[in-house]
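Chain and residue survey
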Amino acid sequence: MVQPVPEHINFPKEEENVIELWNKLDAFKTSLKQSKGRPRYTFYDGPPFATGLPHYGHILAGTIKDTVTRYAHQNGYHVERRFGWDCHGLPVEYEIDKTLGIKGPDDVAKMGIEKYNAECRKIVMRYSKEWQFVVTRLGRWIDFENDYKTLYPWFMETIWWVFRQLFDKGLVYRGFKVMPYSTACNTPLSNFESGQNYKDVVDPAVIVNFPLDENPNSCLIAWTTTPWTLPSNMALCVHPTMEYVKIEHKVDGKVYILLEARLPALFKKEDEYAVLEKFKGETLRGKGYKPLFEYFGKYKGQGAFQVVVDNYVTDDTGTGIVHQAPFFGADDYRVCIEHRVITKEQVICPVDETGCFTQEVPDFAGQYVKDADKNIMKMLKQNGRLVDQSTFKHSYPFCWRSETPLIYMGIPSWFVRVEELVEKLLDNNQQTYWVPEFVREKRFGNWLRDAHDWAISRNRYWGTPIPLWVSEDLEEVVCVGSIDELAQLTGTRVKDLHRESIDHLTIPSKRPGQAPLKRVPEVFDCWFESGSMPYAQQHYPFENRRDFEDNFPADFIAEGIDQTRGWFYTLLVLSTALFGKPPFKNLIANGLVLAADGSKMSKRKRNYPDPLDVVNKYGADALRLYLINSPVVRAESLRFKEEGVRDILKDVFLPWYNAYRFLMQNVDRLRKEDGLQFVYNEDKLKPVDNIMDKWILSFTQSLVDFTRKEMAAYRLYTVVPKLVRFVDKLTNWYVRSNRKRLKGEGGTDDCLCALQTLFSVLFTMVRMMAPFTPFLTELIYQNLRHLIDPAVSKGQDTNSVHYLMIPQPRSDLIDKGIENAVATMQTVIELGRVIRDRKTLPLKYPLHEVVVIHQEKQVLEDTRSLEKYILEELNVRQLTTSKDKEKYGVHLKAEPDFMVLGKRLKADSKVVAKAVRELNDGQVEEFQKKGEMVVHGHTLTLEDIRIVYAFDQNSNQESKYEAHSDNDVLVLIDVTPDQSMLDEGVAREVINRIQKLRKKGKLVPVDDITVFYEVSPSGEYLAKVVSDHREYITSTIKQPLQPYPVPSDSEVVVQESVQLKGANLSLTIVRGHVGDTDANESELGPFCRYINVHLPDSNGKATVLLENPRGKRTTNLLKQIKIISNQNGNIKVFEATKAASGNEEAPGQEIFLDKEQDVFSFHASTVFASTGSSRPASAVPIMNEPFCRYVNVELCDASSQEGVKGHRATILLENPQGEFPVTVAELLKQCGIVFGHQGRKLKLYQKRNKSDEVSQETLKDVFSLHGSTLYASNK
């Protein structure tokens, strides 16, 4: 059943009601059942951790995923959407470590892995309920019941299978590598993990000296920002081909060797030093030096503490001499191995798992490396080895979990060979489609080109154990690929694969006499698990083999741009290694959501509003649309501002809602007033005649076509802005310019046509917008669907808008010519509004003329075709179009943008600006066409100047017209004041106050009211305007307007007093038509719509009522004209056109009347009837009222009978003019017939209070009633 639409709406509350509806319908599951059997659309959802609450980044990615998958479903696909949970790894362990105060591996050993993992298991789903609530509240449809968790044994078993495939392909090896290491989490991180969280830090920077063995007075000097690595120094490295210098410091006479290009790093002025010698870096190769510390001095004779050369040394920082601590730098390790400073068997790493120095460095043992910096620098200074000490601000990697600085440390790890897959990775990357494309080509492509082998092992506990069983000497290695295989090899079947369940299991060695193989202690990096989710979520290959293989790769995935080094990367690496193809076809990478000031969102700083607070205030749809209608869907950053969400509500949802409300109001009005039940059948929607109907239908279908094409290309950033702008086109252009038609003022048929058009647009819109704003579209659809012809559904379940398909574009409704014409009209109106605003001329005040100037004939024709709308919207009396701007004394003028030119051209800006101002009209026009111009050797674009229209100095047009242009169309408006127009503007203001007061009183247009007014002081200008324009005001508000006093027995609805034009205007609205009806009702004109007819052969004038009572339309206008003309044969009807004299009208074109025609379209017009073969030739004076005298009759305290609807009628007192005058008895009889009271006694009164009865005794001249209102009663 159709529900009335309230004026005010609480969007969040309505969204909660929609969720209740979805739950009642089990809407998501129902939609999946409906789509079963359709083509599959595969979607992978990256698993989040449930150890924290969802933030805006999750909400953004979730909204994009939901939008695309909803669209795919509504585009005819079956789309399974499973939620996944990342349950292992550092996020969980770090929380437990903090809670239990665990500092390192020794603490875990004391506690026991089983108890430790039990604690981890307790918190993995800590916030799962909150996640499910937030995701559901945001309108996302995804399956939580059939989810996957990385801790499920079947999921973990597939992880083992994936690893086994890599192992069998020879892609797994154990290596010693310098890697990013989290001292807080006691584990190495992969290279892409370390790249996730860089921060600007200020570190100590020191320059230390290294005396040469051959000449201790000459010192090599090296620079570092990690003093804690200096105790592990084993070599110095220089660039072989760069120029080095030996200099003497003039102050203290010390001799230093450094890169010539880096002298400014130590000296501010050249006169502080003297250059003693220059040479290439190669010259220094092999020279020995004195170690900084003696901790590893025993290696000096074995290749350590000498100068080596390598091209990785740069000249942009430091001294050009790099100190080498092989176990704390990847390049350091490589260079030292290559130059045999150390061997692969040697381990020079005096730092433990927690980042503290070991006893190998007794002076600093037990100190955390970063804390030891000060003590190390102090010792260096005491030993005379510190040359300079300062600070250095740079970007440094932090642990993404613990927010502590990473260190680089050499540790043994298990690796996947990625470097040998680079070409395949790049090739597979090219087979994928990314939005935006530059992320694939630049950010991700560059990352792949420089990809390093992937360290997949973590020295942790809560994770999927690496399924390698090895001998003590690592010569024997067994990789287990399944639970069954583990049972076969160990003799024990397990149900769980975590460390506590399998670490004790051993596999017999195949070598006689050797100890059994034990599992390596490491677990998988959790990124390995999430990268395996396409296979593991289906327990492939152990189950669902066919289903997976038929639907791999995925059609779509989406996450933030930060996942280029995370999930996107691991998915591609594993898919390429396993199957040789990419894991997905299409990908959307979104940007980052930042705080309003551009900083990272931080719970600690509280620099962003809580997402649920925003949802509860504005609704989920508003938040969704704000996020996906922003640069963030183009992989750019978004500064989140709450007011942006509010603006979506204000600028998009409320206008949209009001358009829907206006439709439903007028559908209800049609039912009440005309007795017609509106029904919509899309299959029967045909091309229409009204140009604005044609435009909005064409514009809508063009939008459908555009949306389909762009969504096929996953370009949300082009689709969403256009959908949002469409709301503006619909509400501010179509509805605004067709309000009268939609209210039925153009006749019932025209009203039905407009309602069909508006319904069609809104119905199309809710289906197109459903994936983007699922709540509001559902709310609107739930009411619209009751007006849709049931036959259209063809028995399908249509209980939710999300069950419906996105409509196909209808090319028969698309008319680009009309779209262009309306676009031109809109441009003209918008330019005209700017002129009014500039001159402070409110739209209520009419103006004389608007002139539109353009060089193209088609543009001017388009403008003239929509003249009616331009005149109405700009409130001007006349439209003129022209190609000749010179006729109006207008020329183009260029004004330089001094700020732009000043920044770019510096000293030349003045001479260029002068030349710009001197450009003539033709030059500026040419500039405008080409978009650029060379001025004094500088190329200027349109961004460097401002083009304005100016009036010629000798022209008198400047004082008359005001001009504005969009650099294409030029609009002039005659802004000269005119008192009559000013008066009309004031009258419009009075009307505006009355209409606002009606709204305040919660009145609807069909409510009968009387408006009483008083202006004080009574002699003021305002009083005269209201008096002079009383008929205009009355005809506009369509209700009586009466001067004070208000009758004491009337029912007051609302009243107020306002200041207007220096006077006080008091307004009171009372219910019904009361007071001096003879004075007020007559000003309303006839209650019923009418047409005037010039009868054939100059036989007089007649009036035909087009309805009677009001709302009951005449079914056959031609028949009525024949009856009044007393003609039974053929009769022709001609429209009336204004004659040359201006105050006469004559027959124009022939009108062909038929039963299907909307008779209301002829209201208040005049036609000529003829029985001859040619049109009548005479011209007659124009008359703007019915030819025949009439009286209005209102049924007071009785209701219409015998199926007659309506309580207001018009009775003609004569027809044709001067013939067949009615008597009082005939008047009473006609009233009975009109209101269905034949045979019942009706009485007529001249007052609503049933005084002054009309009878043969009291009324001598029936024509004295002309134009008045009588009140009929049977009581």
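You'll find the structure just up there.
The structure contained in this document is the topic of the report that follows.

Reading the values: rules and limits
Residues numbered from 1 in each chain as written. Predicted model: local features only at pLDDT ≥ 70, side-chain atom pairs only at ≥ 80, totals over all residues. Heavy atoms only, no water. Helix = DSSP H or I, 4+ residues; strand = E, 2+ residues; numbered from the N terminus. Rg over C-alpha atoms; globule rule 2.2 N^0.38 Å. Buried < 20%, exposed > 50% of the residue type's maximum accessible area, 1.4 Å probe, protein only. Contact = heavy atoms within 4.5 Å. Areas by Shrake-Rupley, 256 points an atom, 1.4 Å probe, with all protein chains shown as cover. Lys, Arg positive; Asp, Glu negative; His and termini not counted. Charge placed at Lys NZ, Arg CZ, Asp CG, Glu CD. Pairing = 2+ DSSP bridges. Axes fitted to C-alpha atoms, helices over the stretch in contact; angles between N-to-C directions. Expected span 1.5 Å × (residues − 1). Core = buried A, V, L, I, M, F, W, Y, C linked by side-chain atoms within 4.5 Å. Polar contact = N/O pair within 3.5 Å; in protein donor to acceptor, adjacent residues only side chain to side chain. Parallel < 35°, antiparallel > 145°, perpendicular 65-115°, else oblique. Left-handed = near helix turned anticlockwise from the far one by under 90°. Nonpolar A, V, L, I, M, F, W, Y, C, P; charged D, E, K, R; others polar. Phe/Tyr/Trp six-rings, centres within 6.5 Å; stacked < 30°, edge-to-face > 60°. Lys NZ or Arg CZ within 6 Å of the ring centre and 35° of its normal. Disulfide = S-S within 2.5 Å. 1 Å grid on protein atoms, 1.4 Å probe; cavity = no way out; pocket = protein on both sides within 12 Å on 5 of 7 lines; lining within 4 Å. Points joined across faces, edges and corners; volume = space filled by probe spheres on them.

All right, on to the overall build of the chain then. On a plain count of helices and strands, the chain comes out with 39 helices and 49 strands. Against the 2.2 N^0.38 benchmark of 33 Å for 1275 residues, the chain shows a C-alpha radius of gyration of 43 Å, more extended than a compact globule. Seen through its principal axes, the chain has C-alpha atoms that stretch 140 × 85 × 60 Å. Considering the chain as a whole, with its 1275 residues, one finds that 55% of them fall into the buried category. For the chain, long-range pairs separated by at least 24 residues make up 75% of all intrachain contacts whose partners lie at least 6 apart in sequence. Approximately 56000 Å² of the chain is accessible, and the part contributed by carbon and sulfur atoms is 48%. Charge separation in the chain, taken as the distance between the mean sites of 163 positive and 172 negative side-chain charges, equals 2 Å.

This part is about the sheet that holds strand E36 (residues 1041–1043). The strand order across the open sheet built from four strands is E36-E35-E38-E37, with neighbouring strands paired in mixed fashion. Two strands close off the open sheet at either side, each with one partner strand: E36 and strand E37 (1052–1060). Across the sheet, the mean angle from the axis of one strand to that of its neighbour is 25°, orientation sign disregarded. The sheet contact formed by E37 and strand E38 (residues 1063–1071) spans eight bridges and is antiparallel. When the sheet's bridge partners are listed, Val 1052 is paired in E38 with Val 1070.

Quick look at helix H34 (residues 979–1000) now. Residues that lie three or four places apart on an α-helix share one face, since the helix turns once every 3.6 residues. Helix length check: H34, at 22 residues, gives a terminal C-alpha distance of 32 Å against a target of 32 Å (1.5 Å per residue), a fit within 8%. Of the residues making up H34, those classed as buried are Met 981, Asp 983, Glu 984, Gly 985, Val 986, Ala 987, Glu 989, Val 990, Ile 991, Ile 994, Leu 997 and Arg 998. Note on H34: the residue one or two positions beyond its end, Lys 1002, has a positive phi of about 55°.

Generally speaking, soluble globular proteins have nonpolar side chains that are buried together. Within the largest apolar cluster, 130 residues are counted, with the highest numbers of intra-cluster contacts made by Leu 623, Phe 653, Trp 656 and Leu 730. Setting aside residues no more than four positions away along its own chain, Leu 730 makes contact with Ala 659, Ile 696, Val 735, Leu 758, Val 761, Leu 762 and Met 765. Within the second largest apolar cluster, 77 residues are counted, among which are Leu 171, Val 478, Ile 561 and Val 573.

Moving on, we get to the pairing of strand E3 (residues 172–182). With respect to burial, E3 is a largely interior element, eight of its 11 residues being buried. Two strands pair when backbone bridges link them, and E3 and strand E14 (residues 407–416) are joined in this way by 10 bridges, in the antiparallel orientation. Bridge pairing in E14 places Val 172 opposite Val 416. Sheet topology note: the E3/strand E4 (residues 187–188) ladder contains two bridges and is antiparallel. Bridging from a neighbouring strand, Ser 182 pairs with Thr 187 of E4. Hairpin connection from E3 to E4: four residues lie between these consecutive antiparallel strands, with Asn 186 at a positive phi of about 60°.

To continue, consider the sheet that holds strand E40 (residues 1101–1105). Through backbone hydrogen bonds, the strands of a sheet pair up, either in parallel or in antiparallel fashion. With mixed pairing, six strands are arranged side by side in an open sheet as E40-E39-E43-E41-E42-E44. Edge positions in the sheet fall to E40 and strand E44 (1180–1181), since each has one partner strand and no second. Strand direction decides the pairing type here: strand E41 (residues 1132–1138) and strand E42 (residues 1144–1151), joined by five bridges, are antiparallel. Bridge pairing links Val 1133 to Ile 1151 in E42. Running over the sheet, helix H38 (residues 1117–1125) touches strand E39 (1090–1094), E40, E41 and strand E43 (1165–1170) and is turned about 145° from E40.

With respect to the secondary-structure elements, Ala 72 resides in helix H3 (residues 56–73). Separated by 30 residues in sequence, Ala 72 and Thr 42 have C-alpha atoms that sit 9.9 Å apart. Other than its neighbours up to four places away in sequence, Ala 72 contacts Tyr 41, Tyr 77 and Val 79.

On to helix H28 (residues 816–838). In this model H28 runs 33 Å from its N-terminal to its C-terminal C-alpha over 23 residues, within 8% of the 33 Å that 1.5 Å per residue would give. At the N-terminal boundary of H28, the capping side chain belongs to Asp 815, with an oxygen 3.0 Å from the backbone nitrogen of Gly 817. A positive phi of about 50° marks Thr 840, the residue just after H28.

Right, let's talk about the packing of helix H22 (residues 642–674) against helix H24 (residues 716–737) for a bit. Contact pair H22 / H24: the axes reach a minimum separation of 9 Å and the direction vectors enclose 45°. Classified by the angle their axes make, H22 and H24 are oblique. Considering how the two elements wind past one another, H22 and H24 form a crossing that is left-handed. Taken together, the residues of H24 that come into contact with H22 (itself represented by Val 652, Pro 655, Trp 656, Ala 659 and Phe 662) are Val 724, Val 727, Leu 730, Thr 731 and Val 735. Classifying every residue of the contact of H22 with H24 gives nine nonpolar, one polar and no charged.

Okay, unusual backbone geometry next. Following Phe 552, the chain continues into Pro 553 via a peptide bond in cis, with omega recorded as 5°. The topology assignment puts Pro 553 in the loop between helix H18 (545–550) and strand E23 (554–560). Looking along the chain, the bond that leaves Tyr 1044 and enters Pro 1045 is cis, with omega of 10°. With respect to the element layout, Pro 1045 can be found in the loop between E36 and E37. Its identity as a non-glycine residue notwithstanding, Thr 840 has a phi of 50°, on the positive side. Residue position: Thr 840 is located in the loop between H28 and strand E27 (847–853). Classification of Thr 840 by relative accessible area gives exposed; the value is 64%. Of note, the phi angle at Lys 1002 is positive, near 55°, even though the residue is not glycine. With respect to the secondary-structure elements, Lys 1002 resides in the loop between H34 and strand E35 (1009–1016). Here Lys 1002 falls in the exposed class, since its relative accessible area comes to 69%.

This part covers the pairing of strand E9 (residues 255–259). Burial runs high along E9: five of the five residues are buried. Pairing analysis gives three bridges linking strand E6 (residues 218–224) to E9, with the strands arranged parallel. Each bridged residue has a counterpart across the sheet, and for Leu 220 the counterpart in E9 is Ile 257. Taken together, the five bridges between strand E8 (residues 243–249) and E9 define a ladder with antiparallel strand orientation. Paired with Val 245 across the two strands is Leu 258, which belongs to E9.

Before going further, it helps to examine the packing of aromatic side chains. On inspection of all chains with the given rule, the structure shows 62 aromatic pairs. A centroid spacing of 5.4 Å and a plane angle of 85° characterise the contact between Trp 161 and Tyr 540, whose relative ring orientation is edge-to-face. Pair noted here: Trp 161 is in helix H8 (residues 153–168) and Tyr 540 is in the loop between helix H17 (533–536) and H18, with a separation of 379 residues, a long-range link. Residue Trp 161 shares its accessibility class with Tyr 540, and that shared class is buried. A connected cluster of aromatic rings, assembled from ring pairs, spans Trp 161, Tyr 535, Tyr 540, Phe 548, Phe 552 and Phe 579. The ring of Phe 398 carries Lys 199 above its face, with NZ or CZ at 4.9 Å from the centroid. The ring of Phe 763 has Arg 767 sitting right over it, with the charged end atom 3.8 Å from the ring centre.

Moving on, we come to the state of the cysteines. On inspection of all chains with the given rule, the structure shows zero disulfides. Here Cys 349 stays unpaired: no disulfide links it, and the sulfur of Cys 356, its closest cysteine neighbor, is 13 Å away. Here Cys 399 is not disulfide-linked; the sulfur of Cys 185 is the nearest cysteine sulfur, at 4.1 Å.

This part covers the side chain of Gln 324. Structurally, the position occupied by Gln 324 is in strand E12 (residues 321–324). Of note is the side chain of Gln 324, whose polar atom sits 3.2 Å from the backbone oxygen of Val 322. Each residue touching Gln 324, except ones within four places of it in the same chain, is listed here: Ser 232, Asn 233, Met 234, Ala 235, Leu 236, Cys 237, Tyr 312, Asp 331, Asp 332, Val 335 and Cys 336.

Our focus in this paragraph is empty space enclosed by the protein. Counting across every chain of the model gives three cavities of 30 Å³ or more. By volume, the largest cavity amounts to about 70 Å³. Around the largest cavity, the lining comprises 10 residues; the ones closest to its centre are Gly 89, Leu 90, Arg 458, Phe 524 and Cys 526. Here the lining of the largest cavity is composed, by residue class, of four nonpolar, one polar and five charged. Considered as a void within the structure, the second largest cavity measures approximately 50 Å³ in volume. Mapped onto the lining of the second largest cavity, the elements with two or more residues apiece are helix H1 (11–25), H22 and helix H27 (774–784). Of the residues that constitute the lining of the second largest cavity, the class distribution is seven nonpolar, no polar and three charged.

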